[in-house]
Amino acid sequence: MSGAGAPRLEIDGTGIRVVVVAASWHTQVMDGLLAGTRRALAAAGVTDVTEVRVPGSFELPVAASRAAAAGADAVVALGVVIRGGTPHFDYVCSAATSGLTDVTVRTGVPVGFGLLTCDDEAQALDRAGLEGSNEDKGAEAAEAAVATVVALRAL
Ligand code: DLZ
């Protein structure tokens, strides 16, 4: 999927409670995603931020679900899954994606989707918001989650 066409969001996240749930596989990429999320939340004025680490991306939905039940206004879910030689990749990606979708639709709490699903580590590093990366998916996920909280207030 191309990153071209991404919106530039102006968001005021003052007073919003955000929980960041982050997997632990692929440390360098995860460090970049987390840093991008922190930068974006700070830029949006979000000061109430809790970070929770889980083992892998498969565990993101249950953590997001608990965060929503505990009163988060928005959740940012971060993870990196790199394709290997078995179908395991597809199962983890599918479970994480459908699980996070279920959480956001069921609870009404916006979930920023910061799950990278890549063929190799180079693709992931290019999206991790690190020096030399072309994209900053951690920041994008945080901005999307906060912007959606603001958007839903109009309904
Ligand atoms: C098992 C596994 C593998 C092979 N690869 C990844 C990965 O690239 N990224 C990731 O976030 N998690 C991976 N996992 C771990 C699973 O998400 C999960 O933590 C385990 O299957 C235990 O439930």
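The name given to the protein in an unreviewed UniProt entry is 6,7-dimethyl-8-ribityllumazine synthase, with Paraoerskovia sediminicola as the source organism. What the UniProt record of the protein gives under Sequence similarities (unreviewed entry) is the line "Belongs to the DMRL synthase family."

## Comments concerning the packing of helix 2 (residues 60–69) against helix 3 (residues 88–107)
At their nearest, the axes of helix 2 and helix 3 sit 8 Å apart, and the two run at 15° to each other. When the interaxial angle is binned, helix 2 and helix 3 end up roughly parallel. Relative to helix 3, the crossing made by helix 2 is right-handed. On helix 3, the residues touching Leu-60, Pro-61, Ala-64, Ser-65 and Ala-68 of helix 2 are Ala-95, Ala-96, Gly-99, Leu-100, Val-103, Arg-106 and Thr-107. Classifying every residue of the contact of helix 2 with helix 3 gives 8 nonpolar, 3 polar and 1 charged.

## Structural notes on the site of the ligand
If you check the shell around the ligand, you find Trp-25, His-26, Gly-56, Ser-57, Phe-58, Glu-59, Val-80, Val-81, Ile-82, His-88 and Val-92 and nothing else. At a separation of 3.1 Å, an oxygen atom of the ligand approaches a polar backbone atom of Phe-58. Across the complex, the protein chains shield 70% of the 490 Å² of accessible surface that the ligand would expose by itself. When contributions to the shell around the ligand are tallied by element, the ones reaching two or more residues are strand 3 (74–82) and helix 3. Tallying contributions element by element places strand 3 first for the shell around the ligand, with 3 residues. Partitioned by chemical class, the residues of the shell around the ligand number 6 nonpolar, 4 polar and 1 charged.

## Here's the deal with the nonpolar core
It is characteristic of soluble globular proteins that their nonpolar side chains tend to be buried jointly. The biggest cluster of nonpolar side chains holds 28 residues, and the ones touching the most others in it are Val-18, Val-76 and Leu-78. Among the elements of the structure, strand 1 (17–22), helix 1 (27–43), strand 3, strand 4 (111–118) and helix 5 (137–152) are those that each provide at least two residues to this core. Excluding residues within four positions of it along the chain, Leu-78 makes contact with Val-20, Val-21, Ala-22, Ala-23, Met-30, Leu-33, Leu-34, Thr-37, Leu-60, Gly-114, Gly-138 and Ala-141. Judged by nonpolar contacts, the second largest core, of 22 residues, contains Ala-67, Ala-72, Phe-89 and Leu-100.

Thresholds, definitions, all that
Residues numbered from 1 in each chain as written. Predicted model: local features only at pLDDT ≥ 70, side-chain atom pairs only at ≥ 80, totals over all residues. Heavy atoms only, no water. UniProt positions renumbered as here; feature names shortened; annotations may be inferred. Axes fitted to C-alpha atoms, helices over the stretch in contact; angles between N-to-C directions. Helix = DSSP H or I, 4+ residues; strand = E, 2+ residues; numbered from the N terminus. Parallel < 35°, antiparallel > 145°, perpendicular 65-115°, else oblique. Left-handed = near helix turned anticlockwise from the far one by under 90°. Contact = heavy atoms within 4.5 Å. Nonpolar A, V, L, I, M, F, W, Y, C, P; charged D, E, K, R; others polar. Near = heavy atom within 4 Å. Polar contact = N/O pair within 3.5 Å; in protein donor to acceptor, adjacent residues only side chain to side chain. Areas by Shrake-Rupley, 256 points an atom, 1.4 Å probe, with all protein chains shown as cover. Core = buried A, V, L, I, M, F, W, Y, C linked by side-chain atoms within 4.5 Å. Buried < 20%, exposed > 50% of the residue type's maximum accessible area, 1.4 Å probe, protein only.

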